[in-house]
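Topology and contacts: notes
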Amino acid sequence: PRSERIAVPDSSDVAQARVFANMLAAEIASTSSRIEVSENYAHKAFRVGDPRSAKWHTDEARAQKQALYELHRQLDALHSRFQISNGEPEPVC
């Protein structure tokens, strides 16, 4: 019988993955904030009767949401590949 070997990433790969995961988490927070701002501006523009601005901000929020989904996908892939936690960012020494 053939035994299959599972590749285990070395500690430097895991450390680098953690750094990248922390960077992705920061970018996720920033993108989420931009979405909220764009949605608020869109609602305000709609309320004051400025459909052109409302559409622009709505489109901007939609684009930011697409970016957010991709950031989450990348972060999930890192967590899966390197078995790093989904919780608080871990310090890198």
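Re the pattern of salt bridges
Oppositely charged side chains may form a pair once their charged atoms are brought near each other. Under the counting rule described, the total for this entry stands at 5 salt bridges. Between R34 and E27 there is a salt bridge whose closest N-O contact spans 3.3 Å. For E27, a relative accessible area of 34% translates into the label partly exposed. Residue R62 pairs with D59 through a salt bridge whose shortest N-O separation is 2.9 Å. Separated by 3 residues within a single helix, R62 and D59 lie in helix α2 (residues 51–82), roughly one turn from each other. We classify D59 as partly exposed; its relative accessible area is 29%.

As for a nonpolar patch on the surface
On the surface, a nonpolar cluster with roughly 270 Å² of combined accessible area is contributed by V19, F20 and M23. When you line up the elements, M23 lands in helix α1 (residues 11–47).

Topic: the side chain of H57
Following the sequence through the fold, H57 ends up in helix α2. In this structure H57 comes out as buried when scored by relative accessible area, which is 18%. Dropping the residues within four chain positions of it, H57 is found in contact with S38, Y41 and A42.

Some details on the environment of L78
As for its placement among the helices and strands, L78 is situated in helix α2. You can call L78 buried: its relative accessible area is 11%. Separated by 60 residues in sequence, L78 and R18 have C-alpha atoms that sit 8.3 Å apart. Dropping the residues within four chain positions of it, L78 is found in contact with A17, F20, A21, L24, Q83 and I84.

Cut-offs and rules
Residues numbered from 1 in each chain as written. Predicted model: local features only at pLDDT ≥ 70, side-chain atom pairs only at ≥ 80, totals over all residues. Heavy atoms only, no water. Salt bridge = Lys/Arg side-chain N within 4 Å of Asp/Glu carboxyl O. Buried < 20%, exposed > 50% of the residue type's maximum accessible area, 1.4 Å probe, protein only. Helix = DSSP H or I, 4+ residues; strand = E, 2+ residues; numbered from the N terminus. Patch = residues over 30% accessible without salt bridge, like charges linked within 9 Å, V, L, I, M, F, W, Y side chains within 5 Å. Areas by Shrake-Rupley, 256 points an atom, 1.4 Å probe, with all protein chains shown as cover. Contact = heavy atoms within 4.5 Å.

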